[in-house]
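Coordinate analysis (summary)
As a plain string of letters, each chain reads:
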Amino acid sequence: MSEWKDLDAHDKAPDVVKAWYKRWQRMESSAFNASSGVIDCRNDPGESQMLREVIESRFHDASKILREFMGGDIGVDDHHTTPRVFEVNSLPGLLVYPSILPEPLQLGLLDKLLHRDLSDPQHQTNVHLHYDVPYCPPQPHTEGHSLSFFDPAAQSLTIKPKTSHGALDVPRMLDKKLRWMTLGGQYDWTAKTYPPTPPPPFPEDVKNLVEGLFPMEAEAAIVNLYSPGDTLSVHRDVSEACAQPLVSISLGCEAIFLVALADDAASSASDVDSAATTSNKDGINGPGNLRSAVIRLRSGDAVLMSGSARYAWHGVPRVIADTCPGFMRSWPAAGASEGGVGNRYEGYRGWMAGKRVNLNVRQMFADIAVEVEGQ
Ligand SMILES: O=C(O)CCC(=O)C(=O)O
Ligand SMILES: [Fe+2]
């Protein structure tokens, strides 16, 4: 097994992993909907041969952490008082927490990430690489933060290109261009490093939520935004200075998430052929000597990558259209019975119905122990 310090963030995935990913990217939805090899925690996870339930001692009162995040009672039910956690048998350290976030909390997290944190000029996005992004000054209802980009008053902003790109308006930025935003440590996707300058503070409420629920410190995050048709190719997240866990929280449309650990011996040409050309169980789920998992991630689910699974190859070959849950589809507009601030965002009603948002949180430095007991 490789040492963390030997792993290079610029390494390309072995061919066998890339071929497996491509199969999933090209697969008809009917094939993966019918595939018994996909881990889907909403469908009797306890019965699955691919998972085993584990006990997280830190969940003695998850509801307290969830309430603190929302600043009040959110009608947390029993499930959320003691969320269930499953470990993937083929990849020890890969944990799945189905629907760990209750619905109101999912909406609250979207508000914080996409109204408050996106309009904080300290947080970089992919749009900043090519454009000078202007911000609207704070308003009485924004608690000192710049006005949300979803607000009608922000629609007249012009986002000027730094290079030869054409100018961009706010709706086009939000609908099409915006693919990621960084929180805390501002990861540089091109250099695949964290800049040496001190990062902006990690948003405190999101930090408390993540650290309360998961065995890690929240020091840097990437918020990925996908539309159906967008993908994230196979990579490993090894730019952090330590091998502490990483947590990935999904909101909105469902996705297929692939994870694989390839032993050096697993990259031979014959494995690539079998991954690329057969439709047998191995061809879909990964060649026999790849330790792999295919997980259907839904809104409110979390995945924790720890232990050897922390440096597994992984990617998102598919975001599944028309799968955003009903309670979230109209975001950022308020629901029919709600009044108040949501109505400001009426012009973007239904924006979230065509999006998947993934909050991917990493610990960059300090060491803490992971406490997971077998059941
Ligand atoms: O969108 C996801 O589920 C995964 C994102 C990811 O792997 C990353 O941000 O490094
Ligand atoms: Fe990743």
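Note that the coordinates shown come from a computational prediction; the quantities given were computed from them, not determined experimentally.

We now examine the pairing of strand S9 (residues 220–226). Regular strands place their side chains on alternate faces of the sheet. In terms of residue burial, S9 counts as a mostly covered element, since 7 of its 7 residues are buried. Residue alternation in S9 divides its side chains into two sets, Ala220, Ile222, Asn224 and Tyr226 and Ala221, Val223 and Leu225, and both sets are buried. Bridging between strand S8 (residues 180–184) and S9 involves 5 bridges; their strand directions are antiparallel. Among the inter-strand pairings, Leu183 is bridged to a residue of S9, identified as Ala221. Inspection of the sheet shows S9 paired to strand S16 (residues 356–362) by 7 bridges, in the antiparallel sense. Paired with Val223 across the bridge in S16 is Leu359.

Where helix H3 (residues 62–70) contacts helix H7 (residues 204–213), the axes come no closer than 9 Å and their chain directions differ by 175°. As summarised for this structure, H3 and H7 are arranged roughly antiparallel, according to the angle between their axes. Every residue of H7 that contacts H3 at Ala62, Ile65, Glu68 and Phe69 is listed here: Asp205, Asn208, Leu209, Gly212 and Leu213. Looking at the contact of H3 with H7 residue by residue, the classes come out as 5 nonpolar, 2 polar and 2 charged.

In this section: helix H5 (residues 103–117). Spanning 15 residues, H5 covers 20 Å between terminal C-alpha atoms, matching the ideal 21 Å at 1.5 Å per step. For H5, the secondary structure elements touched by its buried residues are H3, S8, S9, strand S11 (246–252) and S16.

This part is about the nonpolar core. Most often, soluble globular proteins have nonpolar side chains that are buried together. With 93 residues, the main nonpolar core has Val17 and Ala260 as its most contacted residues. Ranked by residues supplied to this core, first place goes to strand S12 (residues 254–262) with 8 residues. Once residues lying within four places of it in the same chain are set aside, the contact partners of Val17 are Val234, Ala260, Ala262, Leu290 and Trp313.

Further remarks concern the pairing of S16. The buried count for S16 comes to 7 of 7 residues, which makes it a mostly enclosed element. Judged by which residues are buried, S16 turns out to be covered on both faces: Arg356, Asn358, Asn360 and Arg362 on one side and Val357, Leu359 and Val361 on the other are all buried. Direction of pairing for S11 relative to S16: antiparallel, over a ladder of 7 bridges. If you follow Ser250 over to S16, its bridge partner there is Asn358.

Next up on the list: the site of ligand 1. Around ligand 1 lies a shell formed by Ile222, Asn224, Leu232, Asp237, Ser248, Ala255, Phe257, His314, Val316, Asn358 and Asn360. Of all elements in the fold, only S9, S12, strand S15 (313–320) and S16 reach the threshold of two or more residues within the shell around ligand 1. Looking at the shell around ligand 1 residue by residue, the classes come out as 5 nonpolar, 5 polar and 1 charged.

Procedures and definitions
Residues numbered from 1 in each chain as written. Chains lettered and ligands numbered in written order. Predicted model: local features only at pLDDT ≥ 70, side-chain atom pairs only at ≥ 80, totals over all residues. Buried ≥ 20, exposed ≤ 12 C-beta atoms within 10 Å, placed from the backbone. Helix = DSSP H or I, 4+ residues; strand = E, 2+ residues; numbered from the N terminus. Pairing = 2+ DSSP bridges. Axes fitted to C-alpha atoms, helices over the stretch in contact; angles between N-to-C directions. Parallel < 35°, antiparallel > 145°, perpendicular 65-115°, else oblique. Contact = placed C-beta atoms within 7 Å. Nonpolar A, V, L, I, M, F, W, Y, C, P; charged D, E, K, R; others polar. Expected span 1.5 Å × (residues − 1). Core = buried A, V, L, I, M, F, W, Y, C linked by C-beta atoms within 7 Å. Near = placed C-beta within 6 Å.

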